[in-house]
Amino acid sequence: MRAILCSRNAHKARELEVLLPGWTIEPLAADDYPPETGGSYYENASIKAAFGRTRIPGWTIGEDSGLEVAALGGRPGIESARYAPEGAPAIAKLLGELEGVEDRRAQYVSELVAIAPDGEEFRGTGVVTGRIAMEPRGSEGFGYDPIFTPDGEEQTIAQLGDSWKARNSHRARSAQALREAVDRRGSA
Ligand code: ITT
């Protein structure tokens, strides 16, 4: 199955290519993606998938994700991509906000929306819980991965690596749920 991934994030495309075996994932390059004005990950993922349908016929996929930090009341959450420039600046800002804070609990959330050629919508949600490390460690993954230590692990996701992510991440879980929803439709 061929699906257009409506995302400017090359990491997501690479991850989903592995997470959705049997699907050919083609990123949609566009410089006029609509703003993410939804009030939830689901709404933002729908906005992205619906935008793709205005460009290319066939299956389209949108994904919205974020990092929710308990001590910050769930921030940055759906604002994660706009919290600070991706990478070192975002990590430094978050570690600064958590300086001296003992409660390091956090979770990653991913919401995937796929729209079929006939307009039927499918979705999948995935969550992975963990804690914010005291300093960045590791080089794989992207975004906040160098400071996110999943529950049950001692290393950050950036240390655990892409193969860990492909089995256990929030996106691995949302992709599995999405695949099951689409497969149920196929067998209905
Ligand atoms: P598109 O909207 O174009 O798909 P984006 O990177 O802007 O790409 P989001 O709006 O969904 O994506 O923002 C998600 C942000 O949450 C992302 O920029 C990271 O800061 C963070 N994030 C989500 N998943 C992550 C992961 O697997 N590893 C590290 N950070 C992640």
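Here the structure is shown first, and the text comes after it.
This report concerns the structure included in the present document. (Residues numbered from 1 in each chain as written. Predicted model: local features only at pLDDT ≥ 70, side-chain atom pairs only at ≥ 80, totals over all residues. Heavy atoms only, no water.)

So, about the overall build of the protein chain. The helix and strand tally for the protein chain stands at six helices and six strands. If you list the helices and strands of the protein chain from N to C, you get β-α-β-α-β-α-β-β-β-α-α-α. Against the compact-globule benchmark of 16 Å for 188 residues, the protein chain has a radius of gyration of 16 Å, which places it among compact chains. Counting only C-alpha atoms, the protein chain reaches 50 × 30 × 25 Å along its principal axes. (Helix = DSSP H or I, 4+ residues; strand = E, 2+ residues; numbered from the N terminus. Rg over C-alpha atoms; globule rule 2.2 N^0.38 Å.)

Counting residues in hydrophobic clusters, the biggest one holds 20 residues, and the most contacted among them are Leu67, Val69, Leu94, Ile132, Tyr144 and Phe148. For this core, the elements supplying multiple residues, two or more each, are strand S3 (59-69), helix H3 (88-97), strand S4 (105-115), strand S5 (121-132) and helix H4 (157-160). Among the elements that make up this core, the one with the highest residue count is H3 (four residues). In this view, Phe148 contacts Leu67, Ala106, Gln107, Tyr108, Val128, Thr129, Gly130, Arg131, Ile132, Gln155, Thr156 and Ile157; residues no more than four positions away in its chain are not counted. (Core = buried A, V, L, I, M, F, W, Y, C linked by side-chain atoms within 4.5 Å. Buried < 20%, exposed > 50% of the residue type's maximum accessible area, 1.4 Å probe, protein only. Contact = heavy atoms within 4.5 Å.)

Time to look at helix H1 (residues 10-19). Owing to its 3.6 residues per turn, the α-helix brings residues three or four apart onto one side. By the burial criterion, the buried members of H1 are Lys12, Ala13, Glu15, Leu16 and Leu19. Structurally, the start of H1 carries an N-cap: the backbone nitrogen of His11 is 2.9 Å from a side-chain oxygen of Asn9. (Polar contact = N/O pair within 3.5 Å; in protein donor to acceptor, adjacent residues only side chain to side chain.)

Before going further, it helps to examine helix H2 (residues 41-53). Compared with an ideal rise of 1.5 Å per residue, which puts 13 residues at 18 Å, H2 spans 19 Å between its outermost C-alpha atoms and is within 8% of the ideal. What H2 keeps buried is the set Tyr41, Asn44, Ala45, Ser46, Lys48, Ala49, Phe51 and Gly52. Packed against the buried residues of H2 are H1, S3, S4 and S5. (Expected span 1.5 Å × (residues − 1).)

With that settled, consider the site of the ligand. The full set close to the ligand counts 21 residues, and Ser7, Arg8, Lys12, Lys48 and Asp145 are the nearest of them. In the environment of the ligand, an oxygen atom lies 2.8 Å from a nitrogen or oxygen atom belonging to the side chain of Lys12. In the model, an oxygen atom of the ligand is placed 2.9 Å from a nitrogen or oxygen of the Glu36 side chain. A total of 610 Å² of accessible area belongs to the ligand in isolation, and the protein chains cover 93% of it. Mapping the ligand onto the cavity grids shows that it belongs to the largest pocket. For the shell around the ligand, the secondary structure elements donating two or more residues are S3 and helix H6 (170-187). In the shell around the ligand, the residues fall into four nonpolar, seven polar and ten charged. (Near = heavy atom within 4 Å. Areas by Shrake-Rupley, 256 points an atom, 1.4 Å probe, with all protein chains shown as cover. 1 Å grid on protein atoms, 1.4 Å probe; cavity = no way out; pocket = protein on both sides within 12 Å on 5 of 7 lines; lining within 4 Å. Sits in = over half its atoms within 2 Å of the grid points. Nonpolar A, V, L, I, M, F, W, Y, C, P; charged D, E, K, R; others polar.)

What follows deals with the environment of Asp103. Relative to the elements of secondary structure, Asp103 occurs in the loop between H3 and S4. Given the relative accessible area of 29%, Asp103 is considered partly exposed. Between the C-alpha atom of Asp103 and that of Arg131, which follows or precedes it by 28 residues, the distance is 8.4 Å. Residue contacts for Asp103: discarding those within four places in its chain leaves Ala70 and Ala71.

This part takes up the packing of aromatic side chains. Under the counting rule described, the total for this entry stands at four aromatic pairs. Pairwise contacts between aromatic rings join Trp23, Trp59 and Phe122 into one cluster. Across from the ring centre of Tyr83, 4.2 Å away, lies the NZ or CZ of Lys93, which sits over that ring. Against the face of Tyr42 rests Arg123, its NZ or CZ located 3.9 Å from the ring centre. (Phe/Tyr/Trp six-rings, centres within 6.5 Å; stacked < 30°, edge-to-face > 60°. Lys NZ or Arg CZ within 6 Å of the ring centre and 35° of its normal.)

A word on the layout of surface pockets. A water-sized probe, rolled over the atoms, reveals where empty space remains. What the largest pocket holds in volume is close to 460 Å³. Around the largest pocket, the lining comprises 27 residues; the ones closest to its centre are Asn9, Lys12, Ser65, Ala81 and Glu86. If one sorts the elements of the lining of the largest pocket by residue count, S3 sits on top with four residues. Class assignment of the residues belonging to the lining of the largest pocket gives a composition of ten nonpolar, seven polar and ten charged. (Points joined across faces, edges and corners; volume = space filled by probe spheres on them.)

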